[in-house]
Amino acid sequence: MLVAAAVCPCPPLLVPEVAAGAAPELDAARAACTDALGVLAAARPDRLVVVGPVESAGLETHPEGARGSFLGFGVDLDVRLGPGAGPHGEQRLPYSLTVAAWLLERTGWSDAPVEGLGVGESSTPERCVRTGRDIAARAERVGLLVMGDASACRTLKAPGYLDERAAPFDAEVARALGAADMAALGALDARLAYELKASGRAPWQVLAGAAEGADLGGSLLYEDAPYGVGYLVATWS
């Protein structure tokens, strides 16, 4: 059963070495992510599942200790998903789980075994909800770290340019996350989310499925749109 969840954005700019001179602009977001991970740790889960968006279709599993790198963003920095030794081979974490691994390392996560799950951004809401239910059934006490951004269309200079539908979409997601409204998250329009470049849609719907029957309350810790991209941090516990 799901006992707690933390929802965090996944831009590589969260990593100060990547953001460089712009790093202070996301200090509040980093602090909120740290607080959210503290809520996860306090729930004492038996297993932590990290869920993030991936461009490929379907699901990608990543074991504890899997490695990620920020070299593609010009920074020679490697991270590892949880404290495990990790598998041999060349498989690398997708960027969303790489950011999650950095957050876990930054906060010294050692409270429970960790596994990663990449969810294809084209996954249907129904499949995401089913995936969440399956995750919640894996252990008596499951924690979720849910990575993903809201729309990327909030301003003229945003990656997706300005779209007037973006602000209302993000506001509804923020409300749903803050209220632990599973029905609202499950009902998010996948097509609209795709058009608004909201990478968090599928992971949020995995959370909605995992939380069924868990009777969790929500709290919104951070909401802003620097660079025209919606970033949200929330906890369910």
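Compared with an ideal rise of 1.5 Å per residue, which puts 16 residues at 22 Å, helix α2 (residues 27–42) spans 23 Å between its outermost C-alpha atoms and is within 8% of the ideal. Within the span of α2, buried status applies to A29, R30, A32, C33, A36, L37 and L40. Along α2, the residues classed as buried sweep out an arc of 160 degrees about the axis, all on the same side. Of the residues trailing α2, R44 is marked for its positive phi of about 50 degrees.

Before going further, it helps to spend a moment on the sheet that holds strand β9 (residues 231–236). Reading across from one edge, β3-β6-β2-β7-β1-β9-β8 is the order of the seven strands in this open sheet, with mixed pairing throughout. Of all strands in the sheet, those bounded by a partner on one side alone are β3 (59–62) and β8 (218–224). Here the strands of the sheet are splayed against their neighbours by 15 degrees on average, with no regard to which way each runs. Across the face of the sheet, α2 comes into contact with β1 (2–8), β2 (47–54), β7 (142–147), β8 and β9 while running at roughly 170 degrees to β1.

Our next topic: helix α3 (residues 95–106). Compared with an ideal rise of 1.5 Å per residue, which puts twelve residues at 16 Å, α3 spans 16 Å between its outermost C-alpha atoms and is within 8% of the ideal. The buried fraction of α3 amounts to nine of the twelve residues, a majority that puts the element mostly inside the structure. Looking only at α3, the buried set comprises S96, L97, T98, V99, A100, A101, W102, L103 and L104. One or two residues past the end of α3 sits G108, with phi positive at roughly 70 degrees.

Moving on, we get to the pattern of salt bridges. Per the counting criterion, the structure on display carries eleven salt bridges. For R154, the salt bridge is made with D170, and the minimal N-O distance between the two is 2.7 Å. Of this pair, R154 sits in the loop between β7 and α5 (166–179) while D170 sits in helix α5; the two residues are 16 residues apart in sequence, bridging distant segments of the chain. You can call D170 buried: its relative accessible area is 2%.

Following the criterion strictly, the structure yields zero disulfides and no others. The closest cysteine sulfur to the non-disulfide-bonded C8 is located on C33, 3.6 Å from its own sulfur. Look at C8 and you get buried, because its relative accessible area is 0%.

Definitions and cut-offs
- Residues numbered from 1 in each chain as written.
- Predicted model: local features only at pLDDT ≥ 70, side-chain atom pairs only at ≥ 80, totals over all residues.
- Heavy atoms only, no water.
- Helix = DSSP H or I, 4+ residues; strand = E, 2+ residues; numbered from the N terminus.
- Expected span 1.5 Å × (residues − 1).
- Buried < 20%, exposed > 50% of the residue type's maximum accessible area, 1.4 Å probe, protein only.
- Arc of directions from axis to C-beta.
- Pairing = 2+ DSSP bridges.
- Axes fitted to C-alpha atoms, helices over the stretch in contact; angles between N-to-C directions.
- Contact = heavy atoms within 4.5 Å.
- Salt bridge = Lys/Arg side-chain N within 4 Å of Asp/Glu carboxyl O.
- Disulfide = S-S within 2.5 Å.

Keep in mind that these numbers describe shape and distance, not what the molecule does.
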